[in-house]
Amino acid sequence: MSKAGASKKDTTKASSEAAASASISVGDFAEDLPVYSGTMGPQVIDVSKLYTDTDYFTYDPGFTSTASCASKITFIDGDKGLLLYRGYPIDQLAEFGNYLETCHLLLYGELPNEAENKDFIQRVTRHTMIHEQMNRFFTGFRRDAHPMAVMVGSVGALSAFYHDSTDISDPVQRDIASIRMIAKMPTMAAMAYKYSIGQPFIYPRNDLDYAANFLSMCFAVPCEPFQVNPVLARAMDRIFILHADHEQNASTSTVRLAGSSGANPFACISAGIACLWGPAHGGANEAALDMLEQIGTIDRIPEFIARAKDKNDPFRLMGFGHRVYKNYDPRARIMQKTCHEVLNETGSDHDPTLPVAMELEKIALEDEYFVSRKLYPNVDFYSGITLRALGFPRTMFTVLFALARTVGWIAQWKEMIEDPDQRIGRPRQLYTGPVMRSYAEIDQR
Ligand code: CMC
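None of these values were measured; they are calculated from a predicted model.

Chemist: What's the story with the pattern of salt bridges in this structure? I'm lost.
Modeler: It is possible for side chains of opposite charge to pair when their charged atoms get near one another. With the rule as written, the count across this model stands at 19 salt bridges. We note a salt bridge from Arg180 to Asp164, for which the minimum N-O separation is 2.9 Å. In this pair, Arg180 sits in helix α7 (residues 171-196) while Asp164 sits in the loop between α6 (147-157) and α7, placing the two residues 16 residues apart along the sequence. For Arg180, a relative accessible area of 9% puts it in the buried group. We classify Asp164 as partly exposed; its relative accessible area is 47%. Sharing partners across several salt bridges, the network here consists of Asp290, Glu293, Asp351, Arg388 and Arg394.

Chemist: Would you take a moment to explain the site of the ligand for this structure?
Modeler: What surrounds the ligand is a group of 19 residues, the closest being His281, Arg316, Leu317, Gly319 and Arg323. For the ligand, an oxygen atom lies 3.0 Å from a polar atom in the side chain of Lys311. Between the ligand and Arg316, the relevant distance is 2.9 Å, taken from an oxygen atom to a side-chain nitrogen or oxygen of the residue. Protein chains shield 75% of the accessible area of the ligand, which is 940 Å² for the free molecule. Its residues assigned to classes, the shell around the ligand shows 8 nonpolar, 6 polar and 5 charged.

Chemist: Sorry, what's going on with the pairing of strand β2 (residues 29-36) here?
Modeler: Both faces of the sheet carry side chains from a regular strand, because those side chains alternate between them. Of all 8 residues in β2, 6 are buried; the element is thus mostly enclosed. Two elements, strand β1 (residues 18-26) and β2, share 8 bridges in a ladder whose sense is antiparallel. Of the residues in β2, the one forming a bridge with Ser25 is Ala30. Turn length for the β1-β2 hairpin, with the two strands adjacent in sequence and antiparallel, is 2 residues, and the turn residue Gly27 shows positive phi of about 55 degrees. Here β2 pairs with strand β3 (residues 44-45) via 2 bridges, running antiparallel. Within β3, the position partnered with Val35 by the bridge is Ile45.

Chemist: What is the right way to read the nonpolar core from this model?
Modeler: Note on soluble globular proteins: their nonpolar side chains tend to be buried together. Counting 110 residues, the largest nonpolar core has Phe214, Met236, Leu317 and Phe392 as the members making the most contacts within it. In terms of residues, this core owes the most to one element, helix α18 (residues 397-417), which gives 14 residues. Beyond its immediate chain neighbours, meaning those up to four positions away, Leu317 contacts Met291, Ile305, Ala308, Leu360, Ala364 and Phe370.

Chemist: Can you walk me through helix α3 (residues 99-108) in this structure?
Modeler: Given 3.6 residues per helical turn, the α-helix brings residues three or four places apart onto the same face. In terms of residue burial, α3 counts as a mostly covered element, since 8 of its 10 residues are buried. Of all the residues in α3, the buried ones are Tyr99, Leu100, Thr102, Cys103, His104, Leu105, Leu106 and Leu107. Looking at where α3 begins, the residue whose side-chain oxygen comes 3.2 Å from the main-chain nitrogen of Leu100 is Asn98. Residue Gly109 follows α3 closely and has a positive phi angle near 95 degrees.

Chemist: Explain the pairing of strand β5 (residues 82-85) here, please?
Modeler: Pairing of strand β4 (residues 74-77) with β5, which is carried by 4 bridges, proceeds in the antiparallel orientation. Along β5, the bridge assignment pairs Asp77 with Leu82. Here β4 hands over to β5 after 4 residues, with Gly81 in that stretch at a positive phi of 70 degrees.

Chemist: I keep staring at the side chain of Gln248 and nothing clicks. Help me out?
Modeler: Mapped onto the secondary structure, Gln248 falls in the loop between α9 (230-242) and α10 (250-260). Side-chain polar atoms of Gln248 contact the side chain of Gln412, separated by 2.9 Å.

Chemist: It is not clear to me how the packing of α6 against helix α11 (residues 265-276) should be interpreted in this structure. Could you clarify?
Modeler: Packing of α6 against α11 leaves a shortest axis separation of 8 Å and a crossing angle of 165 degrees. It follows that α6 is roughly antiparallel to α11 by the angle criterion. Crossing of α6 against α11: the hand is left-handed. Along the contact surface, α6 presents Met148, Met151, Val152, Val155 and Gly156, while α11 presents Phe266, Ile269, Ser270, Ile273, Ala274 and Leu276. Residues of the contact of α6 with α11, tallied by class, amount to 9 nonpolar, 2 polar and no charged.

Chemist: Please clarify how the packing of aromatic side chains should be interpreted in this entry.
Modeler: Geometry of an aromatic ring pair is reported as the spacing of the ring centres plus the angle between the planes. By the definition in use, this model includes 19 aromatic pairs. Relative to Phe240, the ring of Tyr210 lies with its centre 6.0 Å away and its plane at 85 degrees, an arrangement referred to as edge-to-face. A residue pair is termed long-range when its members are at least 10 positions apart, and Tyr210 in helix α8 (residues 210-219) and Phe240 in helix α9 qualify at 30 residues. On the accessibility criterion, Tyr210 (10% relative accessible area) is buried.

Chemist: Teacher, can you tell me more about the confidence of the model for the protein here?
Modeler: Fine structural detail should not be taken from predicted coordinates in areas where pLDDT scores are low. For the protein, per-residue confidence averages 92 on the pLDDT scale, and 96% of positions sit at 70 or higher. In the model, residues 1-15 has pLDDT below 50 throughout and makes 37 contacts with residues more than four positions away in sequence or in other chains.

Calculation notes
Residues numbered from 1 in each chain as written. Predicted model: local features only at pLDDT ≥ 70, side-chain atom pairs only at ≥ 80, totals over all residues. Heavy atoms only, no water. Salt bridge = Lys/Arg side-chain N within 4 Å of Asp/Glu carboxyl O. Helix = DSSP H or I, 4+ residues; strand = E, 2+ residues; numbered from the N terminus. Buried < 20%, exposed > 50% of the residue type's maximum accessible area, 1.4 Å probe, protein only. Near = heavy atom within 4 Å. Polar contact = N/O pair within 3.5 Å; in protein donor to acceptor, adjacent residues only side chain to side chain. Areas by Shrake-Rupley, 256 points an atom, 1.4 Å probe, with all protein chains shown as cover. Nonpolar A, V, L, I, M, F, W, Y, C, P; charged D, E, K, R; others polar. Pairing = 2+ DSSP bridges. Core = buried A, V, L, I, M, F, W, Y, C linked by side-chain atoms within 4.5 Å. Contact = heavy atoms within 4.5 Å. Axes fitted to C-alpha atoms, helices over the stretch in contact; angles between N-to-C directions. Parallel < 35°, antiparallel > 145°, perpendicular 65-115°, else oblique. Left-handed = near helix turned anticlockwise from the far one by under 90°. Phe/Tyr/Trp six-rings, centres within 6.5 Å; stacked < 30°, edge-to-face > 60°. pLDDT = per-residue confidence, 0-100.

Laid out in structure tokens, this is it:
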């Protein structure tokens, strides 16, 4: 029996009509719950009416069994190690495509044809500069500030500079804000870097492509010409593609949750950057390189493997394991290849961390502890070595991740806003605190 008077008629939204139902019985209640199928991946049981109908919540800390939304953007099959953007495998996009094409795909659902591509590049390129007064915002930070702190603050501050694209109910303004975010993130990331090393900001060069322009803004100086190395620009572009979206991960869910209240997109992306900063998420590339350096030589690997397995030691193999991938992270393979290309090109192929990384990977992939837990290298395992060879200090690694992920955040935010069933996100809880009690005067406590 359902809770008195509760309606079971509408089945809320999902990617398709209810194809089946699941039964739940708990206490006095028995309930049929609709089951929906997506185009790929596990079916979902719609529990959205469970509380209204039965007085029970579901409990899923860490959301390991919860689909928080329906989405058409990115698909991951963690067991097979498959990652698709709008249906296209990540390895094909990374090998044959480029980042701006990928941005178009994520934002609008399709790879651009020639005319659309030209138009999209033009639209992004004419938004690469940021309001000149933002310079003062940057210089207000201490020079030793972590660039992620600078990014959280300055990206949030964009909402104070671009009032004409913060009305989220207007599709034109939403589109302009999306393009602005994609266009301005490289400029802001480069400014955060230049400020930290005391060099003048370098203005964007719209004659260069997206990745080459970013490298120029980071590594050019005003007193001499700067030639972008095309191999490194291609590698940078590919790294951006690999990080462009990753379904409903922690930072993306943060952006969606922040956006669900109607907050403007600049503020939402700033919230996503804050979430990405953590070492269990975007900060892992920095931590992975620290770890490889700490290991130092191949003979010390067993010591660190033993520490990673020791439950009394908080040490984990950084760049290993993933909430969703229980197979080799498909991004890690491409990153490993890119790592070799960049190290060859920059003459850093003698980098002592590379053999340590390769041997560590080999040993861990054969070790029962890692095998039984399905712990494989993730995208961050090789990205630190690669980014360092490209010339970036490690404090910039997560900033580069944020730059690349901005399109994913924005595409997911837009999808949510454009969903007619969208409501403010408001999870509930299993309360375990004190039951109601009365206020006691201070001398009575
Ligand atoms: N080293 C050693 N043991 C590990 C590791 C690791 N890197 N990752 C997981 N485990 C163990 C963990 O101790 C647990 O063992 P047991 O079952 O005996 O208690 C088991 O594997 C399952 O781990 P979990 O913590 O329940 O898994 P999770 O899904 O909550 O965590 C993770 C996923 C990525 C946070 C975790 O694997 C981790 O901390 N990895 C290192 C950090 C890292 O590389 N993060 C980057 C993720 S990819 C980039 C991104 O998307 O942001």
